[in-house]
Amino acid sequence: MPTSSNPLSPLYRPNPHLYEIHTWAWLEELSARESHPITLASVPDWEWDRLQSLGFDFVWLMGLWRRSIVGRTIARTNPCYFSSYDEALPGWTMDDVVGSPYSIQDYIPDPRIGGWKDVDEARENLHRRGMKLILDFVPNHTGLDHPWVSAHPEYYMQGNLDQFRRDPSAFFLSERDGKATFIARGRDPYFPPWPDTAQLNHFNPATREAMLNVLRVIAAHADGARCDMAMLLLNDVFAKTWGPLLRGAATPGEEFWPAAVAALPGFIWIAEVYWDLEWRLQQLGLTFTYDKRLYDRLRAAPAQEARECLKADAATQSRCVRFLENHDEPRSAAVFEADKLGAAAALVATLPGMRFYYYGQLDGRKLHLPIQLRRAAEEPPSAQIHGLYEKLLTITKDDAFHAGAWLLLEPRAAGDTSFQNLIAYQWKLGGAMKIVAVNLSSASARGNLILNCAIDPSREYIFHDQLHDKSYEWRGEDLIRSGLFVRLDAFQSHIFEVSLA
């Protein structure tokens, strides 16, 4: 059946566009361009206008909160980070290393970025242009010097001397009023602990209430939150990760996320989530969830496997976050071949769900910027990639790609088996129809597409490829009999606008 776009909120258009900004580096670039320090309050109007002109619905200012001073010291002195700094910013200095924005000292704006008034002014600038503000929420952990570490150590997972001696990297020592407490460092259960973080205990009701209060603060200044590693808070995941330290603590009856969603009606939730837990978090009320599975398959799997990701039901599809890069992933221009990048970009730009773009992606930057750095190296923009994204963003402003009904098409053989490398679908809104066909293989592919719409056998139809500005005429009777024949060279795409001749 055709699927409809996400109807969850009347406050934004379905299948919205998100732009993630590395806030500190962005402000440094604007400062250099304007020849004076720029904070959120003094971002030039032309920059807000530029974001509006590209058609973004949401702007995520990543890294707004005050960064941990202790975390900054770790970022400056841990040799494990140095090679990534060297690659991203040759000649970097200590001043360039400002620490991780996910090692938070407090949920107040970092002084370099501005104050609450500046945040509110940035939000108002976005609202005037029809965009909304997204900020970070890091529910799993804080920085090592967050005020709670000394004031409320009970909010955190704690160990003892024996556990520290067995794994010193998993804990840090907090001392207050002559009492020593070993607090666990935050972690993903499949990786070593994050050295600059303190792990919160989400089986403690007081911790949960404190985090809900943090969310209330965020919601007073933003329209939504990107929730870092959201699946780590699921009761069973948390129990499995921290079982040895829970000492028989009872599992809370309710999950954290439904309580958070209920506390903030109308708030927009974007969940970073992996391990096939996306659907589950959607069911708990989070608005959108990362689609890392599709990203991984676009990078390294055959087209047939990528197509499998697109067979989920309508509600799930409309709440997936589709991306080719973000601050955690390498630059798409560096990991995708030039031709393949065009095919993957056309796909992600026209699928249902949230379409996610990252700072520098539109210019084809190739150097991945570690989140601990305050500025990016200068890179000449790629005219080819910039032109590709400009065209895609212009095409996908059309209402059909937002309010239309989406349907995955199953290509049929047209003489050989290459049709298996095609991904095709249609968007339909009233009398308007778009057809997208993408060849994700390194060889040419051809197939027949049976369209799900009323075709008049006595009429002729024009299929105008908006990507390449070419038009093709088809007789209705041929479309009914055989379907729409497409032949695409390696990593090529069509975005057809269909009309009567």
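Below you will find a few notes about this structure. (Residues numbered from 1 in each chain as written. Predicted model: local features only at pLDDT ≥ 70, side-chain atom pairs only at ≥ 80, totals over all residues. Heavy atoms only, no water.)

1. Some thoughts on empty space enclosed by the protein
Stage number 1. Scanning the entire structure with this criterion turns up 1 cavity of 30 Å³ or more.
Stage number 2. Considering only enclosed or pocket space, the largest cavity measures out at about 40 Å³ in volume.
Stage number 3. Around the largest cavity sit Ala88, Arg331, Arg365, Leu367, His368, Leu369, Ala376, Ala377 and Glu379, which together line it. (1 Å grid on protein atoms, 1.4 Å probe; cavity = no way out; pocket = protein on both sides within 12 Å on 5 of 7 lines; lining within 4 Å. Points joined across faces, edges and corners; volume = space filled by probe spheres on them.)

2. Side note on the sheet that holds strand E23 (residues 493–500)
Stage number 1. In space, the 6 strands of this open sheet follow the order E16-E17-E18-E23-E20-E21, with antiparallel pairing throughout. A single partner strand is all that each edge strand has here, and the edge strands are strand E16 (405–409) and strand E21 (470–475). Adjacent strand axes in the sheet meet at a mean angle of 25 degrees when their direction is disregarded.
Stage number 2. Sheet analysis places strand E20 (residues 460–465) next to E23, joined by 5 bridges and oriented antiparallel. If you follow Tyr461 over to E23, its bridge partner there is Leu500.
Stage number 3. Contacting strand E17 (422–429), strand E18 (432–439) and E23, helix H16 (residues 338–350) runs over the sheet at an angle of about 30 degrees to E17. (Pairing = 2+ DSSP bridges. Helix = DSSP H or I, 4+ residues; strand = E, 2+ residues; numbered from the N terminus. Axes fitted to C-alpha atoms, helices over the stretch in contact; angles between N-to-C directions. Contact = heavy atoms within 4.5 Å.)

3. What to know about helix H10 (residues 256–263)
Stage number 1. Within H10, the full set of buried residues consists of Phe256, Trp257 and Ala260. One side of H10 carries all its buried residues, which in axial view fall inside an arc of 90 degrees.
Stage number 2. Tucked into the core, H10 has its buried residues touching strand E5 (132–137), helix H8 (205–219), strand E11 (224–227), strand E12 (268–271) and helix H11 (278–283). (Buried < 20%, exposed > 50% of the residue type's maximum accessible area, 1.4 Å probe, protein only. Arc of directions from axis to C-beta.)

4. Brief notes about the nonpolar core
Stage number 1. Ranked by size, the top nonpolar core spans 135 residues in total, and within it Trp26, Phe137, Trp257 and Leu281 carry the most contacts.
Stage number 2. The leading source of residues in this core is H16, at 8 residues.
Stage number 3. One finds Leu407, Ala424, Ile435 and Leu479 within the second-largest nonpolar core, a separate group that totals 19 residues. (Core = buried A, V, L, I, M, F, W, Y, C linked by side-chain atoms within 4.5 Å.)

5. Description of helix H3 (residues 69–77)
Stage number 1. Three or more residues of H3 are buried, namely Gly71, Ile74 and Ala75. Relative to the axis of H3, the buried residues are bounded by an arc of 100 degrees and lie together on one face.
Stage number 2. Buried positions along H3 lie against helix H4 (82–88).
Stage number 3. The opening residue of H3, the one whose side-chain oxygen lies 3.3 Å from the backbone nitrogen of Val70, is Ser68. (Polar contact = N/O pair within 3.5 Å; in protein donor to acceptor, adjacent residues only side chain to side chain.)

6. With respect to the state of the cysteines
Stage number 1. Overall, the coordinates contain 0 disulfides when judged by the stated rule.
Stage number 2. There is no disulfide at Cys320, and the cysteine sulfur nearest it, in Cys309, is 8.9 Å away. (Disulfide = S-S within 2.5 Å.)

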